[in-house]
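One-letter residues, chain by chain:
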Amino acid sequence: MSSPQTERRIDRLLAEYERDHRDPTNRRLHYLAVPLIFFCVVALVTELPVPDALKRLPGGWLLFAAIPAAIYYFRRSVSAGLVMVVFTLLCLGVIELLHAYVPVPVWLIALGLFVILWVVQYVGHKIEGRRPSFFKDAQFLLIGPVWVFDKLLRSFGFRY
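Everything in this summary refers to the structure shown in the same document. Note on numbering: residues in each chain are counted from 1, in written sequence order. Side-chain atom pairs in this predicted model are given and counted only at pLDDT of 80 or more, local residue features only at pLDDT of at least 70, and totals for whole chains, interfaces and linings cover all residues. Calculation of side-chain values draws on the structure's entire complement of heavy atoms; hydrogens and water are dropped beforehand.

1. Some thoughts on helix H2 (residues 24–46)
Under the 1.5 Å per step criterion, the end-to-end length of H2 is 33 Å for 23 residues, consistent within 8% with the ideal 33 Å. Bend is computed residue by residue as the angle between axes fitted to the seven residues ending at the residue and the seven residues starting at it. A run of DSSP states H or I qualifies as a helix once it reaches four residues; a run of E qualifies as a strand once it reaches two. Both are numbered from the N-terminal end. Maximal helix bending in H2 amounts to about 30 degrees, located at His 30. Within 3.5 Å is the distance limit for a polar contact, defined as a pair of N or O atoms, with the added protein rule that one can donate a hydrogen and the other accept it, and that residues adjacent in sequence qualify only through two side-chain atoms. At the N-terminal end of H2, a side-chain oxygen is found 2.9 Å from the backbone nitrogen of Thr 25, two or three residues along, and the residue is Asp 23. Given a helix with a known number of residues, its expected span is that number minus one, times 1.5 Å.

Here you go:
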């Protein structure tokens, strides 16, 4: 274990997020809901109307949200930054598939899922008996997806 002086900031943030998510049911709900909420946010941002000058950019306004988020992630961990960039690109691919094959507007799907998934998160935190981490610090809204992918990657033997 590293000392507080040598522990990476991402490790401290993940450990704190972990402390707020100990209940097995809440954890499972988060494993499902957190990446999907991230997807919904990406989808909703890409669906915002854009001026003609931005129509050539993939994702429209997303670039203006994704760059600061990527900087945030890369400053805490290069691996976390890479994982989140790849996941964002995967989200864009799924959004394009939805546009091509689903007759329902993507923004409507994303908005409906977003609301349902936040209710799921609320239920998980009621079961846990703890308030969501982002009530303490808003950056945990960005750390949640990293925590989920950290769990997934560790199951395959990888670490951030």
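Now that the structure is up, let's keep going.
2. Comments concerning the nonpolar core
The biggest cluster of nonpolar side chains holds 32 residues, and the ones touching the most others in it are Phe 38, Phe 39, Val 42, Met 84, Ile 143 and Val 146. Secondary structure elements with two or more residues in this core: helix H1 (9–19), H2, helix H3 (62–76), helix H4 (78–101), helix H5 (106–128) and helix H6 (140–155). Looking at this core, the element that brings in the most residues is H2, giving nine residues. What makes a nonpolar core is a set of buried Ala, Val, Leu, Ile, Met, Phe, Trp, Tyr and Cys residues whose side-chain atoms join them at distances within 4.5 Å. Remark: exposure states derive from per-residue accessible area (1.4 Å probe, protein chains only) relative to the maximum for the residue type, with buried under 20%, exposed over 50%, and partly exposed in between.

3. Some thoughts on the pattern of salt bridges
Think of a salt bridge as a Lys or Arg side-chain nitrogen and an Asp or Glu carboxyl oxygen that are within 4 Å of each other. In total, this model carries seven salt bridges according to the counting rule given. In this structure, the salt-bridge partner of Glu 16 is Lys 136, at a minimum N-O distance of 3.5 Å. Placement of Glu 16 in helix H1 and of Lys 136 in the loop between H5 and H6 is noted, with a sequence separation of 120 residues between them. For Lys 136, a relative accessible area of 51% gives the class exposed. The shortest N-O distance in the salt bridge between Asp 20 and Lys 136 comes to 2.6 Å. Taken together, the positions of Asp 20 in the loop between H1 and H2 and Lys 136 in the loop between H5 and H6 put the pair 116 residues apart, joining distant regions of the chain. Accessibility expressed as a relative area gives 6% for Asp 20, which makes it buried. Counted as one network, the salt bridges with shared partners bring together Glu 16, Asp 20, Glu 128, Arg 130 and Lys 136.

4. Quick notes on H6
Taking 1.5 Å per residue, 16 residues should reach 22 Å; H6 reaches 22 Å between its end C-alpha atoms and fits that length. Among the residues of H6, Phe 140, Ile 143, Gly 144, Pro 145, Val 146, Trp 147, Val 148, Phe 149 and Asp 150 are the ones counted as buried. For this analysis, residues touch if any pair of their heavy atoms sits within 4.5 Å. Structurally, H6 contributes buried residues whose contacts are with H1, H2, H3 and H4. With its phi angle positive at about 90 degrees, Gly 157 sits one or two positions after the end of H6.

5. Some details on the packing of aromatic side chains
Between the rings of Phe, Tyr and Trp (Trp by its six-membered ring), a pair exists once the centres lie within 6.5 Å; its type follows the angle of the planes, with under 30 degrees stacked, over 60 edge-to-face, and the other angles tilted. Per the counting criterion, the structure on display carries 10 aromatic pairs. In textbook terms, an aromatic cluster arises when at least three aromatic residues are bridged by ring pairs, as seen for Tyr 17, Tyr 31, Phe 140 and Trp 147.

6. Quick word on the state of the cysteines
Here, two cysteine sulfur atoms that lie within 2.5 Å of each other are counted as a disulfide. Under the criterion given, the structure shown has zero disulfides. Free cysteine Cys 40: the closest other cysteine sulfur is in Cys 91, separated by 9.1 Å. The class for Cys 40 is buried, based on a relative accessible area of 0%.

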